Amino acid sequence: MRRVDYDSVARTYDERYRGEIFSQLEARLCELVGGQGLEVLEVGCGTGHWLERLSATGARVTGIDASREMLAAARARLPEAELVHGRAESLPWPDARFDRVLCVNAIHHFDDKRAFVREARRVVRSGGSAVIVALDPHSGEDRWWVYDYFESTLALDRARCPSAAQIREWMDEAGFATCRTVLVQHLALRMSLEQAVAEGHTKRSAASQLTMLSDDEYALGMERVERAAAEARARGETLMLDGDLRFYATIGSASVTR
């Protein structure tokens, strides 16, 4: 499996959150996971962006990530939080430790995704829940300029990203109840190539799909973009880059023990 070296992109990772691009997702996460006094664990917490938002709701936040550099950024942001270097498949906490377990756009990086779901169930208290947010490239609904110009990226995403149905199946097996999937952000974007370049969207670090590519694959994709831009200019037009992506939250509840 191809891997993303998050230590190398930690400094610029938060550029993807500029503006209000994920405001809809933020609101839904605060609704599903946040709340005064709740104990929340984020698995694959990265730079702590979402933990900071949930902390503002009064939740007591904890995070774990496999990248030491990403955790360094998270510690600078949340100096009082418990932030641990470790693996999603082996969470270093006792049973029934948290009210909520959250994973945002990270499950596709885990070596054993099924084991992570089992671990999530183990550390969730009775009456709590796990929320796994991810794209579902198997649905065929999404359109994205990255998929258009960097030919291997869609195939890579389909190979590494479980479908929402697969996540629900794993949750059922792990003992979660009332598993369901809901749309939490429909991200429709349209920008000129010039805007995309100015805002850093064409950088290798802008998306894990680009970071995974070899130097030759990335260069070939950029050649396709530049060729399309030249063809658009010859027609007196501006090349526009489109995205139409759906982020889903798959939610499993831990049954209340009587």
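Here, the structure is the one placed above.
In what follows, the accompanying structure is described. (Residues numbered from 1 in each chain as written. Predicted model: local features only at pLDDT ≥ 70, side-chain atom pairs only at ≥ 80, totals over all residues. Heavy atoms only, no water.)

### Examining the overall build of the protein
- Helix and strand content of the protein: eleven helices and eight strands.
- Relative to the globule expectation of 18 Å for 258 residues, the C-alpha radius of gyration of the protein, 19 Å, shows essentially globular dimensions.
- When the backbone C-alpha atoms are referred to their principal axes, the protein occupies close to 70 × 35 × 30 Å.
- The burial tally for the protein puts 52% of its 258 residues in the buried class.
- Sequence-distant contacts, at least 24 apart, represent 73% of the contacts inside the protein between residues at least 6 apart.
- Of the roughly 12,200 Å² that the protein leaves accessible, carbon and sulfur atoms contribute 47%.
- Positive and negative side-chain charges of the protein, numbering 34 and 40 respectively, have mean locations separated by a distance of 3 Å. (Helix = DSSP H or I, 4+ residues; strand = E, 2+ residues; numbered from the N terminus. Rg over C-alpha atoms; globule rule 2.2 N^0.38 Å. Buried < 20%, exposed > 50% of the residue type's maximum accessible area, 1.4 Å probe, protein only. Contact = heavy atoms within 4.5 Å. Areas by Shrake-Rupley, 256 points an atom, 1.4 Å probe, with all protein chains shown as cover. Lys, Arg positive; Asp, Glu negative; His and termini not counted. Charge placed at Lys NZ, Arg CZ, Asp CG, Glu CD.)

### Let's talk about helix 2 (residues 23-32)
- Among the residues of helix 2, Leu 25, Leu 29 and Leu 32 are the ones counted as buried. Looking straight down helix 2, one finds that the buried residues subtend no more than 70° of arc, so they occupy a single side. (Arc of directions from axis to C-beta.)

### Structural notes on the side chain of Gln 185
- Considering the arrangement of structural elements, one finds Gln 185 in strand 7 (residues 177-192).
- At a separation of 2.8 Å, a polar atom in the side chain of Gln 185 contacts the main-chain amide nitrogen of Leu 25. (Polar contact = N/O pair within 3.5 Å; in protein donor to acceptor, adjacent residues only side chain to side chain.)

### A short note on the packing of helix 5 (residues 113-123) against helix 8 (residues 164-174)
- The N-to-C vectors of helix 5 and helix 8 enclose an angle of 50°; their axes lie 9 Å apart at closest approach. The angle between helix 5 and helix 8 falls in the class oblique. Here helix 5 and helix 8 pass one another in a crossing that is right-handed. Residue-level inspection shows Lys 113, Arg 114, Val 117, Arg 118 and Arg 121 of helix 5 in contact with helix 8, the latter providing Trp 170, Met 171, Glu 173 and Ala 174. (Axes fitted to C-alpha atoms, helices over the stretch in contact; angles between N-to-C directions. Parallel < 35°, antiparallel > 145°, perpendicular 65-115°, else oblique. Left-handed = near helix turned anticlockwise from the far one by under 90°.)

### Things to note about the pairing of strand 8 (residues 240-253)
- For strand 8, the tally of buried residues reaches ten of 14 residues, placing the bulk of the element in the interior.
- Pairing of strand 5 (residues 124-135) with strand 8, which is carried by seven bridges, proceeds in the antiparallel orientation. The residue bridging Ala 130 from the neighbouring strand is Gly 252, located in strand 8.
- Note that strand 6 (residues 143-144) and strand 8 share two bridges and pair antiparallel. By the bridge assignment, Arg 143 is partnered in strand 8 with Asp 244. (Pairing = 2+ DSSP bridges.)

### Overview of the packing of aromatic side chains
- Counted by the stated rule, this structure contains ten aromatic pairs.
- A ring pair is formed by Tyr 6 and Tyr 13, whose centres lie 5.8 Å apart and whose planes are at 75°; its orientation type is edge-to-face. A single burial state applies to Tyr 6 and to Tyr 13, both of which are buried.
- Ring geometry for Phe 110 and Phe 116: centres 5.1 Å apart, planes at 70°, overall edge-to-face.
- Taken together, Tyr 6, Tyr 13, Tyr 17, Phe 22, Trp 50 and Phe 247 form an aromatic cluster joined through their ring pairs.
- Between Arg 97 and the ring centre of Phe 98, over which it is positioned, the NZ or CZ distance is 4.6 Å.
- A cation sits over an aromatic face here: Arg 121 above Phe 176, 5.8 Å from the ring centre. (Phe/Tyr/Trp six-rings, centres within 6.5 Å; stacked < 30°, edge-to-face > 60°. Lys NZ or Arg CZ within 6 Å of the ring centre and 35° of its normal.)

### Quick word on the pairing of strand 1 (residues 39-43)
- Burial within strand 1 is extensive, with five of its five residues counted as buried.
- Burial along strand 1 is two-sided: Glu 39, Leu 41 and Val 43 facing one way and Val 40 and Glu 42 facing the other are all buried.
- Note: strand 1 against strand 2 (residues 60-65), five bridges, orientation parallel. Residue pairing for strand 2: Glu 39 is matched across the bridge by Arg 60.
- Of the crossover connections in this fold, the one passing from strand 1 over helix 3 (residues 49-55) to the parallel strand 2 is right-handed.
- Here three bridges tie strand 1 to strand 4 (residues 98-104), and the two strands are oriented parallel to one another. (Right-handed = clockwise from strand over helix to strand, strands pointing away.)

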